[in-house]
Amino acid sequence: MKKISLLIALLAFSFNAAQAKEWKDIRIGVEGAYPPFSKTEADGSVTGFDIDLANALCAEMKARCTYIKQDWDGIIPALLARKFDAVIATIDITEERLKMVAFTDKYQHIPARFVALKGSEYQASTAFMAGKKIGVQRATSMDLYISDNYPDAQIKRYGSADEAYLDLKAGRLDFILADSAAIAGGLLDKDGGDKFAFIGPKFTDPKWFGAGAGIATRKQNQDLVEQFNRAITAIRADGTYNKIQDKYFSFDVYGSEL
Amino acid sequence: MNLAIITNEYPLYLEGLWTTIYLVSFSLLLGLFIAIPAGILQSSENRAIRGAIWIYMYFFRGTPLLIQLFIIYYGSAQFDFLRESWLWDYFQDAWFCALLALTLNTGAYTAEIVRGVIGTVPQGELEAAKAYGMSRWKMLHRIILPNSLRRALPAYSNEVIFMIHGSAIAGIVTIVDITGAARVVNARYYAPFEAYLAAALLYMCLTFSVIFIFRQWEKRYLQH
């Protein structure tokens, strides 16, 4: 009996030790359809702010990172199913998601905004929005926000932001609600984007939009969260973060003032 | 396994079930209006008609349904003349695009079934009809069609089932059919097993109902 309990204690100890290891190989899930954060190049590789940031974090942690592309819809289920160990894909840290996964501190915070054809009318009232076709990316904070606040609107849910932009250009949508930087990079700054413009206020209500975007991991990998947190603090401090930010944006992506 | 997810979200699934039934039955019905004439005209003596039908059938049977839907839905948005015409009222609607793709697709497959059964009408019956002095039209709607469409039932039941399953792609262009509902539920709860299992059960119920109805029809119309 004594032996068995000793064995169990030993096992438990070694298990704990394994848990608290320094992560050297990290598989990171990325989306690849959310420019400028994450986009797929012609040769199939994924580039963008999220990827550059991930590279900087991995260099800081001296870890070998491999990237696995996964559609947004399945990105949290795939994390839970151990297809990868962390997700860097502009995931807002929300109450709802914290029930399923763990998050690092935020690494960026950008308000969501509506985009529409230039000169479109906009009112925040539910009466005005009733029947309007609003595009969102499925399973995002924006999806939840529209579903909760404008149930009478025609909500069109897309697998990726790129598909929603296509339908806005085609006149199938009246509005899209998305990350403002993503709209700027994926739609407004591109060919044909000059016909569209931001409209209405900046949305940052933490009830829906959380406290910024963090890196998601499985709940049991608290050690990985801490490892990432240390790396985020380090690259913020040594200027690496700002260098990456300036490559893609002309404003403060970290959202210090939000 | 959390069944509460499914029971909480049942209105969404019911909405999806209704959309799937509506979409599939509508397109099957419209598809028949294409398939029966196309199947008959396959044996037309006019080469131009035969050629046109051949191209239609080979295109829609030779390419995946998903690609056909993408061409109709995303492809149509590319042409300014279409977007400025009255047709755009229809093409801007995802529902219409899905209906069009499914209709054209089932039309092509069913036309092939119709062509097949018409070809197997016994020669004796045709000769007897001719001996009675029936015109070609009369022969067609009194002898050939009733005889052959009955025998098409088993093959057609397969086509109906394929259509139910094929309609799952409608969820990709923002339509909330059964699959669309499952994707919304999965996205909300991160529970793919529960979300898609519920969808699978709904599709299974639909398919079994179809099989049951066709059994009854076959009993009635295919007795001998």
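Residues numbered from 1 in each chain as written. Chains lettered and ligands numbered in written order. Predicted model: local features only at pLDDT ≥ 70, side-chain atom pairs only at ≥ 80, totals over all residues. Heavy atoms only, no water.

### Here's the deal with the overall build of chain A
In terms of helices and strands, chain A carries 11 helices and 13 strands. Viewed in the frame of its principal axes, chain A has a C-alpha envelope of about 75 × 40 × 35 Å. Taking all 258 residues of chain A together, the buried fraction comes to 53%. Carbon and sulfur atoms make up 55% of the accessible area of chain A, which totals about 11900 Å². Separation of charge centres in chain A, based on 33 positive and 34 negative side chains, amounts to 5 Å. (Helix = DSSP H or I, 4+ residues; strand = E, 2+ residues; numbered from the N terminus. Buried < 20%, exposed > 50% of the residue type's maximum accessible area, 1.4 Å probe, protein only. Areas by Shrake-Rupley, 256 points an atom, 1.4 Å probe, with all protein chains shown as cover. Lys, Arg positive; Asp, Glu negative; His and termini not counted. Charge placed at Lys NZ, Arg CZ, Asp CG, Glu CD.)

### Looking at the pairing of strand β13 (residues 213-217) of chain A
All names here are of chain A. Extensive coverage of β13 is indicated by the burial of five of its five residues. By the bridge criterion, four bridges tie strand β6 (residues 86-92) to β13 in an arrangement that is antiparallel. The residue bridging D92 from the neighbouring strand is A213, located in β13. Bridging between strand β7 (residues 102-108) and β13 involves four bridges; their strand directions are antiparallel. If you follow K106 over to β13, its bridge partner there is G214. (Pairing = 2+ DSSP bridges.)

### Some remarks on a nonpolar patch on the surface
All names here are of chain B. Nonpolar side chains collect at one region of the surface, where M1, L3, F193, L197, L201, M204 and F208 lie side by side and expose about 750 Å² of accessible area between them. Following the sequence through the fold, L201 ends up in helix α11 (residues 192-221). Among the residues examined, L201 registers a relative accessible area of 45% and is labelled partly exposed. (Patch = residues over 30% accessible without salt bridge, like charges linked within 9 Å, V, L, I, M, F, W, Y side chains within 5 Å. Salt bridge = Lys/Arg side-chain N within 4 Å of Asp/Glu carboxyl O.)

### With respect to the sheet that holds β6 of chain A
All names here are of chain A. The mixed open sheet is built from five strands, whose spatial order is β5-β1-β6-β13-β7. Because the sheet does not close on itself, it has two edges, and the strands there are β5 (64-69) and β7. Pairs of neighbouring strands in the sheet enclose a mean axial angle of 30 degrees, with direction left out of account. (Axes fitted to C-alpha atoms, helices over the stretch in contact; angles between N-to-C directions.)

### A word on the sheet that holds strand β12 (residues 196-203) of chain A
Residues and elements named next belong to chain A. Pairing within the open sheet is mixed, and its five strands lie in the order β10-β9-β11-β8-β12. The sheet is open, and its two borders are formed by β10 (154-158) and β12, each paired with just one other strand. Strand-to-strand twist of the sheet, defined as the mean angle between neighbouring strand axes without regard to direction, takes the value 30 degrees. One ladder, built from five bridges, connects strand β9 (residues 133-137) with β10; its direction is parallel. Across the sheet, I134 pairs through a bridge with I155, a residue of β10. Against the sheet, helix α7 (residues 161-169) engages β8 (112-117), β9, β10, β11 (175-179) and β12, with an angle of about 150 degrees to β11. (Contact = heavy atoms within 4.5 Å.)

### Overview of the domain arrangement of chain A
Residue and element names in this part refer to chain A. Here the domain parsing of chain A yields domain 1 (23-109 + 211-248) and domain 2 (112-209). With 14 residues of domain 1 at the contact, the number on the domain 2 side is 18 residues. The largest share of the area that domain 1 buries against domain 2 comes from Y34, P35 and W72, three residues that together contribute 35% of it. The tally of links from domain 1 across to domain 2 stands at one salt bridge. Measuring nitrogen to oxygen at the nearest pair gives 2.8 Å for the salt bridge that ties D73 to R138. Summed over the shared surface of domain 1 and domain 2, the result is five residue pairs in polar contact (both at pLDDT 80 or more). Breaking the side of domain 1 that touches domain 2 down by element, the ones donating at least two residues are β2 (33-34) and β6. (Domains from an automatic or database assignment. Buried area = accessible area lost by both parts, 1.4 Å probe. Polar contact = N/O pair within 3.5 Å; in protein donor to acceptor, adjacent residues only side chain to side chain.)

### Concerning the state of the cysteines
All names here are of chain A. A complete count under the given rule lists one disulfide over all chains for this structure. A disulfide bridge connects C58 with C65, and the sulfur atoms are separated by 1.9 Å. Between C58 and C65, the S-S torsion sits near -90 degrees, and that sign places the bridge as left-handed. As far as the burial class goes, C58 and C65 line up, both buried. (Disulfide = S-S within 2.5 Å.)

### Brief notes about the environment of A52 of chain B
Residues and elements named next belong to chain B. Residue position: A52 is located in helix α3 (residues 47-62). By relative accessible area, which is 47% here, A52 ends up partly exposed. Here the alpha-carbon distance between A52 and A38, two residues 14 residues apart in the chain, equals 9.6 Å.

### Notes on the environment of Y74 of chain B
Here Y74 of chain B is to be found in helix α4 (residues 65-76). A relative accessible area of 19% places Y74 of chain B in the buried class. C-alpha separation for the pair Y74 of chain B and F91 of chain B, spaced 17 residues apart in sequence, amounts to 9.6 Å. Y74 of chain B has contacts with E163, L166 and D167 of chain A together with L69 of chain B, leaving out every residue within four places of it along the chain.

### Re the packing of helix α2 (residues 10-41) of chain B against α3 of chain B
Residue and element names in this part refer to chain B. Where α2 contacts α3, the axes come no closer than 9 Å and their chain directions differ by 130 degrees. If you check the angle between α2 and α3, you find them oblique. Here the hand of the crossing between α2 and α3 comes out left-handed. Contact residues: I34, A38 and L41 in α2; I49, R50, I53 and Y56 in α3. Residue composition of the contact of α2 with α3, grouped by class: six nonpolar, no polar and one charged. (Parallel < 35°, antiparallel > 145°, perpendicular 65-115°, else oblique. Left-handed = near helix turned anticlockwise from the far one by under 90°. Nonpolar A, V, L, I, M, F, W, Y, C, P; charged D, E, K, R; others polar.)

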